[in-house]
Amino acid sequence: MDMILVLTIFIVVFALAFDFINGFHDTANAIATSVSTRALTPRQAIILAATMNFIGALTFTGVAKTITKDIVDPFALENGPLIILAALTSAIAWNLITWYYGIPSSSSHAIIGSVAGAAISAAGVGILNYGGFLKILQSLILSPFLALGVGFTIMNIFRFIFKNANLYSTTRGFRMFQIVTAAFQAYTHGTNDAQKAMGIITMALIAGGYHATTDIPEWVRISAALAMGLGTAVGGWKIIKTVGGKIMKIRPINGAAADLSSALVILSATMFHLPVSTTHVISSAIMGVGAAQRVKGVKWGVARRIVLTWIITLPVSALIAGFVYQVLHLFF
């Protein structure tokens, strides 16, 4: 069998595995607040998140096209299949490490950093599409700050509107509303995160000579959506614990505000074809909501640990991918 074909098959399998792992790694992001406030049971939340993730993954392709062409040019990528395989290996390894330790790191940072690191290891820094790569970095950096501000604003609006409302009725109403916001958040998660595996597979098909445009094949869209949905169904309980309870004590009104804020930011990014980290956006929205109530109520020590992981994920995943590429290059 042709070696390029073998590598491409490996990439498709690894990309779907990355999407599956992304699903259970990031399930917590979509459902942590609704579980912690008891708006939904864990089982109900996972079924809802898996379904909405699947639907969201099939809705858009703009982010997938950005991943396909804006980090490196897949049409000019020598040893492209090997580079992409090294990137996926690195991203999966980082996701599993952070999942094991319950750290809400970014799958988006991991895959983008890994593609860049493997490509640089193979062809030097000149291989990067700097315009597209910087645009992606800007969206990854700015989106958490935007989510922080949106979360702060929406929570203050809720507090103003319901300042004289009966506490019991408000809590019960927001617990019901949170089912809607959790579904919306899971949907937006699918519209952005599942796109990354689609883009990687399409990039590999182009680099291997099996696809001639940056359009996403239908079978790639469906298989990536299924992998994301199945991964979500597995769940990520360790990360739920961190996102859902360790950043701040969450009540239904807080959870609804955080869900709505993060969903709006993620969907906005998707509409502009920009990949963002759902982990970063959701954690930042929770911090913004907490700060709107009481700055001291946010456990900033945990927040600092999360931010540190955000910062190191790109360079660490790039270094791992570069090393993996050099090892693979010895055998292929």
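Before reading further, recall that the structure is shown in the block above.
The structure displayed is predicted, hence computed values, not measured ones. (Residues numbered from 1 in each chain as written. Predicted model: local features only at pLDDT ≥ 70, side-chain atom pairs only at ≥ 80, totals over all residues. Heavy atoms only, no water.)

Enquirer: Explain the environment of G117 to me, and be specific about the residues and the numbers.
Expert: Inspection of the secondary structure assignment puts G117 in helix α5 (residues 107-123). For the pair G117 and L128, spaced 11 residues apart in sequence, the C-alpha to C-alpha distance is 9.7 Å. Setting aside its immediate chain neighbours within four residues, G117 contacts A318, A321 and G322. (Helix = DSSP H or I, 4+ residues; strand = E, 2+ residues; numbered from the N terminus. Contact = heavy atoms within 4.5 Å.)

Enquirer: If you had to explain the packing of aromatic side chains to someone new, which residues and values would you point to?
Expert: Scanning all chains against the criterion turns up 5 aromatic pairs. With a centroid separation of 5.1 Å and an interplanar angle of 50°, the aromatic rings of F158 and F174 are classed as tilted. Placement of the pair is F158 in helix α6 (residues 130-161) and F174 in helix α7 (residues 167-207), with a sequence separation of 16 residues. Between F174 and F177, the aromatic rings sit 6.2 Å apart at their centres with planes inclined by 70°, giving edge-to-face as the arrangement. Placement of both F174 and F177 in helix α7 is noted, with a separation of 3 residues, approximately one turn of the helix. On the basis of relative accessible area, F177 is assigned to the partly exposed category, the value being 32%. Put simply, the rings of F158, F162, F174 and F177 pair up and form one aromatic cluster. (Phe/Tyr/Trp six-rings, centres within 6.5 Å; stacked < 30°, edge-to-face > 60°. Buried < 20%, exposed > 50% of the residue type's maximum accessible area, 1.4 Å probe, protein only.)

Enquirer: Quick one: what's the story with the layout of surface pockets, residue by residue and with numbers?
Expert: Its boundaries defined by the atoms lining it, the largest pocket holds a volume of some 310 Å³. Along its surface, the largest pocket is lined by 14 residues, and I141, P144, F145, V307 and W310 are the ones closest to its centre. Where the lining of the largest pocket is concerned, the elements lending two or more residues are α6, α11 (278-293) and α12 (300-331). (1 Å grid on protein atoms, 1.4 Å probe; cavity = no way out; pocket = protein on both sides within 12 Å on 5 of 7 lines; lining within 4 Å. Points joined across faces, edges and corners; volume = space filled by probe spheres on them.)

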